[in-house]
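# What the coordinates show
Each chain, written out:
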Amino acid sequence: MWKQALWGWAFASLPSLGLAAPSLATATIVEGDFVLIRDATLYGLAEGARLQKDDIVQSNAAGRFMRFEFADGVIVDLAPNTRVMLSPKAGTDRGKIPPRLYLLQGTVKLSVPANVPASGTVLASANLDLPAVAKGVVVSAMPGETAAFAESGSIALVERRDFKPQPSQSLRSGQFYARTGDGKAQIVARPSSPFIQSLPKAFLDTLPPRLELFKGRDVLLKPSASSIAYADVQPWIDAEPALRPQFMTRWRVLTKSPEFRAGLVAGMQAHPEWDRLLFPERYRPKAQPGGTTHLARQPAP
Amino acid sequence: MKLLLKFNLVFLVVFALGLAVSGTVARKLLQNGAHEEVLDRARLMMENALAVSSYTANQVAPLLETQMKYTFLPQSVPAYSSTEVLNALRKAHPEYAYKAAMLNPTNPRDRAQDWEEDVIMQFKQDPSRTEFIGERDTPAGRSLYIARPIKLSNANCLRCHSTVDAAPAPLVEKYGPANGFGWVMNEALGAQVVSVPMSVPMERADRAFVVVMGLLASVFLLIGAALNLMLWRLVIRPVSQLSKLADRVSLGELDAPEFKAPARDEIGVLSDSFSRMRKSLVHAMKMLDT
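Bear in mind that the values here come from a model prediction, so they are computed numbers and not experimental data.

### Looking at the overall build of chain B
Helix and strand counts for chain B come out as 7 helices and 4 strands. Each helix (α) and strand (β) of chain B, taken in turn from the N terminus, gives the series α-α-β-α-β-β-α-α-β-α-α. Along the first, second and third principal axes, the C-alpha atoms of chain B reach 135 × 35 × 30 Å. Relative to its full complement of 290 residues, chain B shows a buried share of 36%. For chain B, restricting intrachain contacts to residue pairs at least 6 apart in sequence, the fraction spanning at least 24 positions comes to 65%. When the accessible surface of chain B is summed, it comes to about 17100 Å², and 63% of that surface belongs to carbon and sulfur atoms. Charged side chains of chain B number 32 positive and 29 negative; the gap between the two group centres comes to 7 Å.

Next comes the structure, spelled out in C-alpha cells:
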C-alpha cells in the first residue's frame, strides 16, 4: 500500500520538476504577457522555459513578442493575440508524425535552418498546412482571413477546406497567399500593406538565435495564481474536429469548476461532444419495461 | 628739396612698388591656397561619403535584409545613406553641394544633369581617370566642382541593378521597372560630385589678402616712421645744427659755442673736423690781427 502511495507521489511530482516529458523547445524571448497551458495548469511564461509536446502557448494583446527555439534550430516567433500548440494530435490526414506546431489563431513566423530534414507537417492550422518550409515563412490565421508569406525560400502549402486537405501548392520566395473566408485564395507577388502593417516590428528584423544562452539553465515554471478559465481555452475547445477530442480528457478535471462548466454548457452547440462528459446520466441506458434499454437523451446537435 | 622729403618720396615709391608686387604675389598665392583648401575639403567630404557608403553596404544593409523582404528601405542603399549624411553635413557647411549623379539611377533624385553627364562621359572614355576638377557657370555665379567616378566593384550590388527579374520585388515595387538596371561591373556609371561656388575660395582668399596687406602696409609704415625719426635725430638735426654753427662762424662770430656731437659716428667725425677747422680759422685770424 505504502509503495503505491510513494509511486503516486513520484509521478505527481514529475511535472513540477519538468521531467514529465522531454522538452521540445525553449522560450528564448518573451516580451509582454504570454502564458503556457500544460495539461490543465496555467503558467506564466519566462525566458528559458522548456516547452513540451501538447503545450499550449498563447497571448492576448498584452503579449508583444515571443520566440521559442527548437533544438534542431527551427525558430518560432509569435505575435500578440496568438495561440499555438506544440506537436498536437491533429488527425490522421496530416500524417503519422504530429505537426511541429498547430496555429489556432494569430500570427507566427517560422525560420527553418537549411540543414533541418523534412519530417512531417511543419505547421498546421484550420485553413492551411505547411508540409515543407525551405527557410522562412510568416503565417497569419485570423477570423475569416488566412495568409502566408514566403519570406525567404519556397514553401509547400496545403489548403484545407471543410477541414479536408486540398492539393498541395507551392509558394516561391517573396510570394504571398491570402484567403478570405471560404473564398478562392489569391497568390500574389508581394504581401499586402495591411498584412505588413499588422506584423510586430521584431518579425521584420533578423534576430540571432538565443538558444545557446539558455543551455544548462533550467527555469522552473511557476503556476499562475488563477486556474484556467473557460475563456482561456474556449477557442481550443471549439477548434477543428481533429484537434478537439484530446481536450476532453485533458481538461476533464476543469469541469469541476462551476465557471468552466457553465461556459461549456452555454456554448454546448459548438462542442456537443462535451455533453456526454457533463451530463453522463443522460447517456446511461435506461431500463424499459419489457427488459429493453435505450439512451435517456440524445446529445445536443 | 629737403633731405627728409627726398627720402620720404623715395621711400613711398619703394613702399608702393613693394606693396603692389607683394600684393600681387600674395593674392595669387592666397587664391591658390584657398582653392586647394576648398578642394581638399571637398575631397574629404567625398571620402566621407565613400566611407558611409561602404559602412552601409557592409554593415547596415545585411541587418535590414529581412525588412527589405517586406518593404524597400532606401536606408540600405549606399548612395542614399551617403547623400543623407552629406546633406546633414551641409547644415554646417552650406556652401558645399554633394550629389551621387548617375546616368541610369534607381532613385530619380540621383539622375545626372547635362553637365554631370559630360563629366561621367569623360570617366567612361578614360577609365584610368580617378578625379576631375572643373569650373562652370551657374545662375548664382561661377562654381568649382570636383568629381570622382562611381563604379560597381561589389558583385552583390548587381542583385538590385542587373535585371528587373533578379531585383528584389520591394525595390521594383517602389521605383518601378524602368530605371536602375543593366549596370555593369567596373564601368563608370556615375560620378560623385562636390560643388562649391567660386566665390567661396575667392572670398576666403580676399579675407586673407586684406589681413596680409594690412599687416604689410603697417610694417612698411612703421619702418618709414622709424627711418624718418632716426634720419632726423641722427643725421638731419646734427647736420642742421652744424650748418647753423658754420654760418655763425663764417659771419665772424668766432666765440660761438662748440658743437658737441652726441655719438662717435660719421656726424661725430664731421663735428670734430669742423671744430679743428674752426680752431685753425681762429688761430689764422689771430695771426693776421697781430
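Picking up where we left off.
### Some points on the interface of chain A and chain B
Contact residues are listed per partner, giving 12 residues for chain A and 9 residues for chain B. Both sides together, the interface formed by chain A and chain B hides about 990 Å², and carbon and sulfur atoms give 49% of it. Along the contact surface separating chain A from chain B lie 1 salt bridge. Put simply, A:Arg190 and B:Glu173 hold a salt bridge, and the shortest N to O gap is 3.6 Å.

### Some thoughts on the environment of B:Met287
Residues and elements named next belong to chain B. The topology assignment puts Met287 in helix α7 (residues 266-289). Accessibility expressed as a relative area gives 56% for Met287, which makes it exposed. Separated by 192 residues in sequence, Met287 and Glu95 have C-alpha atoms that sit 92 Å apart.

### A closer look at the sheet that holds strand β4 (residues 188-197) of chain B
All names here are of chain B. Taken in spatial order, the 4 strands of this open sheet run β1-β4-β3-β2, and their pairing is antiparallel. A strand with exactly one partner marks an edge of an open sheet, and here the two such strands are β1 (97-102) and β2 (132-138). With direction set aside, neighbouring strand axes in the sheet form an average angle of 30 degrees. Summarising the sheet, β2 and strand β3 (residues 141-151) pair through 7 bridges and their orientation is antiparallel. Across the sheet, residue Phe132 finds its bridge partner in β3, namely Ala147.

### Observations regarding the pattern of salt bridges
The full count for this structure, using the stated rule, is 31 salt bridges over all chains. As a salt-bridge pair, A:Arg244 and A:Glu273 come within 3.0 Å of each other at their nearest N and O atoms. Here A:Arg244, found in the loop between α3 (230-237) and α4 (245-250), pairs with A:Glu273, found in helix α6 (residues 273-278); they are 29 residues apart in sequence, far enough to count as distant. Two residues, B:Arg148 and B:Glu131, come together in a salt bridge whose shortest N-O distance is 3.1 Å. Of this pair, B:Arg148 sits in strand β3 while B:Glu131 sits in the loop between α3 (114-125) and β2; the two residues are 17 residues apart in sequence, bridging distant segments of the chain.

### Quick word on helix α1 (residues 3-63) of chain B
Here α1(B) is 61 residues long and its end C-alpha atoms lie 85 Å apart, about the 90 Å a rise of 1.5 Å per residue gives. Maximal helix bending in α1(B) amounts to about 40 degrees, located at B:Thr56.

### Examining unusual backbone geometry
The phi dihedral of A:Asp39 is positive, around 55 degrees, even though this residue is not glycine. Exposure remark for A:Asp39: the relative accessible area of 49% places this residue in the partly exposed category.

Definitions and cut-offs
Residues numbered from 1 in each chain as written. Chains lettered and ligands numbered in written order. Predicted model: local features only at pLDDT ≥ 70, side-chain atom pairs only at ≥ 80, totals over all residues. Heavy atoms only, no water. Helix = DSSP H or I, 4+ residues; strand = E, 2+ residues; numbered from the N terminus. Buried < 20%, exposed > 50% of the residue type's maximum accessible area, 1.4 Å probe, protein only. Contact = heavy atoms within 4.5 Å. Areas by Shrake-Rupley, 256 points an atom, 1.4 Å probe, with all protein chains shown as cover. Lys, Arg positive; Asp, Glu negative; His and termini not counted. Charge placed at Lys NZ, Arg CZ, Asp CG, Glu CD. Buried area = accessible area lost by both parts, 1.4 Å probe. Salt bridge = Lys/Arg side-chain N within 4 Å of Asp/Glu carboxyl O. Pairing = 2+ DSSP bridges. Axes fitted to C-alpha atoms, helices over the stretch in contact; angles between N-to-C directions. Expected span 1.5 Å × (residues − 1). Bend = angle between axes of the 7 residues up to and from the residue.

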